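Working through the structure, step by step
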Amino acid sequence: MENGSEGVRGSGTGNDRNGSVDPKIDPFVPRREHNPRELRSWAKRTGFVSDYSGEVGSSASVKFESLGRRGEGSSPKIEIDPIMGRTRPNRGNEIQPDSLDGDRKVGLRGSGIGMVNRDNNAHGISAVAPVPEEKKEENVAQGDVKVNVYPEAEQPPTIAVADGDGGWQGPSELKCGLKENPGFVLLIYYGLQHYLSLAGSLVLIPLVMVPAMGGTDKDTATVISTMLFLSGITTILHSYFGTRLPLVQGSSFVYLAPALVIMNAQEYRNLTEHKFRHIMRELQGAIIVGSIFQCFLGFSGLMSIVLRIINPIVVAPTVAAVGLAFFSYGFPQAGTCLEISVPQIALVLIFTLYLRGISVFGRHIFRIYAVPLSLTIIWIYASFLTAGGAYNYKGCNNPDIPSSNILTDACRKHAYTMKHCRTDVSSALSTAAWIRIPYPVQWGIPIFHFRTSIIMVIVSLVASVDSVGTYHTASLQVNSRPPTRGVVSRGIALEGFCSILAGLWGSGSGSTTLTENMHTIDSTKVASRRAVELGAVFLILFSFIGKVGALLASIPLALAASVLCFMWALTAALGFSTLQYAQSASFRNITIVGVSLFLGMSVPAYFQQYKPETNLILPSYLVPYAAASSGPFHSGIKQLDFAINALLSLNMVVTLLVALILDNTVPGSQQERGVYVWSRAEDVAVDPSLSSEYSLPKKVAWCCCWLKCLGV
């Protein structure tokens, strides 16, 4: 061994082309722009099996196929495929190369085979940086072939262990794997734990949207209950018919910004009678049209083509822009009550960062329940402040004053503070029914307009890009190989169908895979599909209890804004985390991400500087979303003007367009770009474990067989 390389020595006798006694294997000579397919061909000819993955930073992506399937081993021992990380039953530890005759075999003694990851790699599989060009040289001696698999001073790539049935056992860090069933009691606990950690993403969007739409506290409670119901239904559908990964579907922040743009259209600003219902019906129609486009994108197979241009360099700034777009709403709203917002932000950071390693009864409760636990504590603290008279002003002690039409000059300046800080302002608990089942078109028949439909069509494409990155990361977290392009298309198509349901029921937002779900799986260490499904059932049951939605709707607005400051920051951070699959230190990638993100924030600011012409004074955090009606683009067609001005005032849309153009036109290798490598259809056909992870259940597969012709 020299230069940190391991030798692969041919055994047996035979005549090579030079007439020597020992067989000589032609060495693999790397090129600067090598083709992985040619590498597979060389490996099949020589019988060499490498344990090195060429995918940069991708722990479960595989460039090579399982080799030598035609050889029949003589040993009954089950060995581990060093490439797939799965078992190779009924095969020995020898492979018959094509270049040898008779029973001559080449023994493999590759380094690191069968080793189990013991470091902090959460995926339990190899994540190897690209080998520098000068360290890929091969040293060829008489009868020896030495291949430098990884550079000096670098640990060998780790390989996850497979179980005896050819399935994926999962990393030791996971408490519950994808297909594991720990028992009914633990499934209930894991399911509720999964959704409690996502509480901020599931229920806080209506607290921003409904008041801006002119809705009452009762309307807020009804929308929250509808979101809980739809999240449960769509999660179950995605678990059975989508990618089948343990992903939670719900109302995404991707749809919040365009909803704010639509509801601040000029014709809605001075509308007073039935304003909430009219805007909600407008949103319903736009979401349905955009969802139909997303559904067509998936079921037609066009998503497989779109996947060729969606890479981590595109996903990272786009998802980050979704979270950063709401900085004008976050702390300005939370700052109205510094006495509760600052402790809320500080407490959730203390739980997630400083106390994350503390275990209570064997559970990391501070890391898993950071948001609901901190929210509950500060909510109780705010209740004591309200009861103690912290928000009582002389002559303005009535909690109904913020909603009263008669305000004295002395009370008017305190009304805004009381509305955002007091815990007894909301009337949701007193007006909501105990039992209420959400039903379709509960707000009325949807309204369809060209301008809003175009906006949601583009937004649905952004949501698809967001979900593509989540699919890839989630597959690594559950220690599975990435899904095929067809499975990804199927997942996007089902998300479109679920968003159609959201449009019919009237949640005000489309349904998509929650990006925060990646953080939840990593924190809870629970990747069980059944746990997510059972938790979704409880979510549906809670949606039928009207008081549950009313209780969540009574959260003080400043407290909700404080939690959203953390949630939006987490969304941005999760977006940047996808850069780990590319060469994040590359100047090319740094430039593309920086330019796309900066222009994604700066170009909308140019469109948002055009103030709306109205006598109604809008809150400062809503002014940027009113640019669609008075933007600089004027073509003479009002519908088109509104759509263009609205789209170019959305940070995530501009960021996506710039990143797509730059990443797909600037030269760069696949390793540098971190191109997502999806499993192929033939991998599913030959690997029963991969088939069971992503294939549809047998009970429903027969009715979806027509999708095979579309590659879905």
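Residues numbered from 1 in each chain as written. Predicted model: local features only at pLDDT ≥ 70, side-chain atom pairs only at ≥ 80, totals over all residues. Heavy atoms only, no water.

Note the following rule: UniProt positions are given in the numbering used here, feature names are shortened, and annotations may be inferred rather than shown by experiment.
The chain appears in an unreviewed UniProt entry as Nucleobase-ascorbate transporter 11 from Lupinus luteus. Annotation of the chain in UniProt includes, under Subcellular location (unreviewed entry), the sentence "Membrane".

Considering the nonpolar core
Note the threshold: For this analysis, a nonpolar core means a set of buried residues of the types Ala, Val, Leu, Ile, Met, Phe, Trp, Tyr and Cys, connected via side-chain atoms within 4.5 Å. Residue exposure (1.4 Å probe, protein chains only): buried if accessible area is under 20% of the type maximum, exposed if over 50%, otherwise partly exposed. Counting from the N terminus, the helices are the DSSP runs of H or I reaching at least four residues and the strands are the DSSP runs of E reaching at least two. Contacts are residue-level and defined by heavy atoms, with any inter-residue pair within 4.5 Å sufficient.
In this structure, Phe253, Leu256 and Phe326 are the most contacted members of the largest nonpolar core, which totals 123 residues. Among the elements that take part in this core, helix H22 (residues 557–577) stands out by supplying 11 residues, more than any other. When neighbours within four sequence positions are excluded, Phe326 is seen to be in contact with Phe253, Leu256, Ala257, Leu260, Trp568 and Tyr625.

Quick notes on the state of the cysteines
The condition that has to hold: When the sulfur atoms of two cysteines come within 2.5 Å, that pair is taken as a disulfide.
Taken as a whole and judged by the stated rule, the model has 1 disulfide. Note on cysteine connectivity: Cys337 is disulfide-linked to Cys421, with sulfurs 1.2 Å apart. Its S-S torsion of about -75 degrees marks the bond between Cys337 and Cys421 as left-handed, since a negative value means left-handed. Within this pair, whereas Cys337 is found in the loop between helix H11 (330–334) and helix H12 (338–354), its partner Cys421 is found in helix H15 (residues 409–421), the two being separated by 84 residues in sequence. The buried category is assigned to Cys337, whose relative accessible area is 0%.

Topic: the confidence of the model for the chain
Rule in force here: Residue-level confidence of the predictor, termed pLDDT, takes values from 0 up to 100.
Of all residues in the chain, 70% attain a pLDDT of 70 or more, and the chain-wide mean is 78. For residues 1–20, every residue scores under 50 in pLDDT, and the model assigns this stretch 47 contacts once sequence neighbours within four places are set aside. Counting contacts from residues 50–172, a segment whose pLDDT is below 50, to residues more than four positions away or on other chains yields 284 contacts.

Here's the deal with the packing of helix H5 (residues 217–241) against helix H21 (residues 546–553)
Selection rule: Lines fitted to C-alpha atoms define the axes, with helix axes restricted to the stretch in contact, and inter-axis angles between N-to-C directions lie between 0 and 180 degrees. If you view the pair so one helix is near and one far, a crossing is left-handed when the near helix is turned anticlockwise from the far one by less than a right angle, and right-handed when it is turned clockwise. Residue polarity follows a fixed list, in which Ala, Val, Leu, Ile, Met, Phe, Trp, Tyr, Cys and Pro are nonpolar, Asp, Glu, Lys and Arg are charged, and the others, Gly among them, are polar.
For the pair H5 and H21, interaxial distance at closest approach is 8 Å and the crossing angle is 115 degrees. For the pair H5 and H21, the sense of crossing is right-handed. Contacts between H5 and H21 involve Asp217, Thr220, Ala221, Ile224, Ser225 and Leu228 on the former and, on the latter, Gly546, Val548, Gly549, Ala550, Leu552 and Ala553. The residue inventory of the contact of H5 with H21, partitioned by class, reads 7 nonpolar, 4 polar and 1 charged.

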